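Observations on chain architecture
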Amino acid sequence: MQNEHTPMGEGTANAVDAVVEKAQEIGSAVVEKAAEVGQAAAEKAATVASATVQKAAEVKDAVVKQAAAATKVVVKKAAAVKKAAAKKVKAAKKAVKKAVAAKKAAPKKAAKKAAKKAVKKAAKKAAKKAAKKAAKKARPAKKGARKAVKKGARKVAKKAAKKGAKKAAKKAAKKGRKK
C-alpha cells in the first residue's frame, strides 16, 4: 500500500497493517475460545452419556430384583397349591377307607381295588389342577417382569440422553455468549 508519490501513503499503510494485525489477534482469540467451549461441551456430553449408562444399569438391576421377587412369590404359591393338593389327596384316601370299612358286605378285594382306583384318580386330578394353576399364575409375572425391564431401561436411557444433550448445548451456548 505504499505510494512513493504521496507522502501520506506510508502512514495509511501502517494504520492498515495495525488494523489487520489486530483483526488477526482477535480472530485467533475467538478460535481459541471456540475450541475451549467445544472441548467443554464434548466433556460434558461424555459425562452425561456415562451417567445415562450407569442409570440404565441401575434401573435394570432394580427391575431384575423385582422380577426375582415376583418369581419367588409365584414359586411359593405353587408350593402352597401343591401342599393343598396333597392334603386333598390324603382326605380322599381317608374318605375312601371309611367308605370301604362301612361297606363290609362287599368283597374286600373289589373294595380295595375301587378305593385304590379312586385315590389314584383323585390324586392325579388334584395334582393336574394344581400344576395348571401354578403355571397359569407364573406366566404373566414372568412376561410382565421381562417387559418392564426392557421398557424401563429404554425410557431412562432416552430421557437421560435427551436431558444431558440439551443441558450441555445450553451451557455451551451460554458460555459463548458471556465471553
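Since we're looking at a predicted model, the values are computed, not measured.

The next point concerns the overall build of the chain. Counting its regular elements, the chain contains two helices and zero strands. Sorting the 179 residues of the chain into buried and exposed places 14% on the buried side. Across the chain, every contact between residues at least 6 apart in sequence was considered, and the portion connecting residues at least 24 apart equals 80%. Approximately 15,300 Å² of the chain is accessible, and the part contributed by carbon and sulfur atoms is 63%.

What follows is about the pattern of salt bridges. In the structure shown here, the tally under the stated rule is one salt bridge. Between K33 and E36 there is a salt bridge, with its nearest N and O atoms 3.6 Å apart. Of the two residues, K33 and E36 are both situated in helix α1 (residues 9-102); the distance of three residues between them amounts to about one turn of the helix. K33 gets classed as partly exposed once you look at its relative accessible area, which sits at 28%.

So, about the side chain of T52. Among the secondary structure elements, T52 is positioned in helix α1. For T52, a relative accessible area of 8% puts it in the buried group.

On the secondary structure map, A169 appears in helix α2 (residues 108-178). On the basis of relative accessibility, which here comes to 46%, the residue A169 falls in the partly exposed class. Considered as a pair, A169 and A42 are 127 residues apart in the sequence and their alpha carbons are 9.8 Å apart.

The rules behind each value
- Residues numbered from 1 in each chain as written.
- Predicted model: local features only at pLDDT ≥ 70, side-chain atom pairs only at ≥ 80, totals over all residues.
- Heavy atoms only, no water.
- Helix = DSSP H or I, 4+ residues; strand = E, 2+ residues; numbered from the N terminus.
- Buried < 20%, exposed > 50% of the residue type's maximum accessible area, 1.4 Å probe, protein only.
- Contact = heavy atoms within 4.5 Å.
- Areas by Shrake-Rupley, 256 points an atom, 1.4 Å probe, with all protein chains shown as cover.
- Salt bridge = Lys/Arg side-chain N within 4 Å of Asp/Glu carboxyl O.

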